[in-house]
There are 2 protein chains.
Amino acid sequence: MTVAYDGTRYNGWQIQRNTDNTIQGKLSAVLSKMTGSMVEVHGSGRTDAGVHARGQVASFEIDGNYSPAEILAYLNRYLPDDIAVLTVDRADSRFHARLSCRQKTYRYRIHTSIVPDVFNRKYVYTYLDKPLNVGLMRRAAEQLIGKHDFKAFCGNPHFKKSSVRTIISININADANGITLDFTGDGFLQNMVRILTGTLIEVGNGNIPADSMSDILSSQDRQRAGFTAPPQGLTLISAEY
Amino acid sequence: MTVAYDGTRYNGWQIQRNTDNTIQGKLSAVLSKMTGSMVEVHGSGRTDAGVHARGQVASFEIDGNYSPAEILAYLNRYLPDDIAVLTVDRADSRFHARLSCRQKTYRYRIHTSIVPDVFNRKYVYTYLDKPLNVGLMRRAAEQLIGKHDFKAFCGNPHFKKSSVRTIISININADANGITLDFTGDGFLQNMVRILTGTLIEVGNGNIPADSMSDILSSQDRQRAGFTAPPQGLTLISAEY
């Protein structure tokens, strides 16, 4: 299934022991209610607390004779109105939303106008401190494309597995009210898109030199990269298989 | 000035004795704070509690040497983030946002899919009861165009002034997820756009005959028209001068 959600009031995608206030938890609860037995739901990846999705992909296995249309209707009927199931399709039994995922695209929206974007205010990060030089941000972004060890851009200092990922593209578009950054890659470490965005903001405001990305990558030092941009500006756009 | 607001948490545009929770009240308070003396703000028209605006126009008079840019910056700095002042311009001293207004456009959004529109959920009215026949709605809308006494479409039974208004156009557009109705007219009575919308919904679902609009108009009877569609689907788009 593909899922859209406003992450504002959730503790992120992943089920946690202390709270049932997660997207994965809500989906699992409604599917379990429908089937009468516990249904596990696997997402293409975790999104942090406060992060949104327009095209999260999730997989699950259920017994019983439910059509995709029935499942879609049941989910949308019982889910809260800030979570929507956009599509439900049958998949091969080997399909797994996380393990089968080839690439994902995240969008980060920076609002730079003193005039608030009233109707999207919960889906943007307003940055008014200094003007951002988009040319410098693009120059830095180019150096991040490709296969690298992104340990310096990982929010989890105890991460033990490989932190090598491939960024396929970073597109940066400016308009009258702000800047949109689209990141496509084969996978992203914890907080990685938010740290990439924070670093590019600090490049744009002159705090970090545009040509230092290779150095920061090879340092593998989180302290060298920029701040972690806040979650509300980030949306998972799509997952590809 | 032109103003955008998310009306969800407000008691409407107009200042009321018992609450300061109105758009007009917030604008007046910030301008009064800026100038140090009471500033009255006049809108192109009142919007009901829960109704939104993308292009409300309001006028005010202040003493002192403030540039439009200074006023814009001050307002956006001190207003809550669900109210934005989009533009501020000097006007002729005879200009009055309500009295000088030639026409206004309101948009009503009906969401008809079982899949919620997560990111716009507070700005649409979800109607799932019955399928809506857009052809019938358009046929009924045509009979409402022009200069008529709209007493049957007025939410205030004690309204004593003329209830004659001219509707310039009603455009109805359907897409995969719902129906958008755009109403342009020289003025609208209390709840009038919401009652027009409710009536057109009842035409679309077969409850009211499409050809009965002229009868309803001439009856001047509120009971003959349809229900009052809820406020959250309605947005004031623009006011023309």
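Before going into details, it helps to say that this report is about the structure given with it. (Residues numbered from 1 in each chain as written. Chains lettered and ligands numbered in written order. Predicted model: local features only at pLDDT ≥ 70, side-chain atom pairs only at ≥ 80, totals over all residues. Heavy atoms only, no water.)

**A closer look at the interface of chain B and chain A**
Tallying the contact residues gives 23 residues for chain B and 23 residues for chain A. Between chain B and chain A the total buried area reaches about 1,900 Å² when both faces are included, carbon and sulfur atoms providing 68% of it. One can count 4 salt bridges joining chain B with chain A. The partner of arginine 121 of chain A in a salt bridge is aspartate 6 of chain B, and the shortest N-O contact between them spans 3.1 Å. One can count 4 residue pairs in polar contact (both at pLDDT 80 or more) joining chain B with chain A. Of all the elements in the fold, those that place two or more residues in the side of chain B that touches chain A are strand S1 (2-5), strand S3 (52-60), helix H2 (68-78) and strand S4 (83-87) of chain B. Ranked by the residues each element gives to the side of chain B that touches chain A, the list is headed by S4 of chain B, at 4 residues. Along the lines of polarity and charge, the residues of the side of chain B that touches chain A split into 15 nonpolar, 2 polar and 6 charged. (Contact = heavy atoms within 4.5 Å. Buried area = accessible area lost by both parts, 1.4 Å probe. Salt bridge = Lys/Arg side-chain N within 4 Å of Asp/Glu carboxyl O. Polar contact = N/O pair within 3.5 Å; in protein donor to acceptor, adjacent residues only side chain to side chain. Helix = DSSP H or I, 4+ residues; strand = E, 2+ residues; numbered from the N terminus. Nonpolar A, V, L, I, M, F, W, Y, C, P; charged D, E, K, R; others polar.)

**Examining the relation of the copies chain B and chain A**
Note on the identical chains: chain B maps onto chain A by a rotation of 180° and an axial translation of 0.0 Å, with an RMSD of 0.0 Å. The superposition of one copy onto the other is thereby described by a two-fold rotation axis. In this assembly the copies share their binding face: 100% of the residues contributing to the interface of chain B also contribute to that of chain A. (Least-squares fit on C-alpha atoms with pLDDT ≥ 70 in both.)

**Section: unusual backbone geometry**
A positive phi is found at asparagine 191 of chain A, a non-glycine position, where the angle reads about 65°. Following the sequence through the fold, asparagine 191 of chain A ends up in the loop between strand S9 (178-185) and helix H4 (192-204).

**Focus on the pattern of salt bridges**
All chains considered together, the criterion is met by 16 salt bridges over all chains. Measuring nitrogen to oxygen at the nearest pair gives 3.1 Å for the salt bridge that ties arginine 139 of chain B to aspartate 211 of chain B. With arginine 139 of chain B in helix H3 (residues 134-144) and aspartate 211 of chain B in the loop between helix H4 (192-204) and helix H5 (213-219), this residue pair connects regions lying 72 residues apart in the sequence. Within this structure, Asp6 and Asp81 of chain A together with Arg121 of chain B form a network of salt bridges that share partners.

Distances and angles like these do not, on their own, reveal function.
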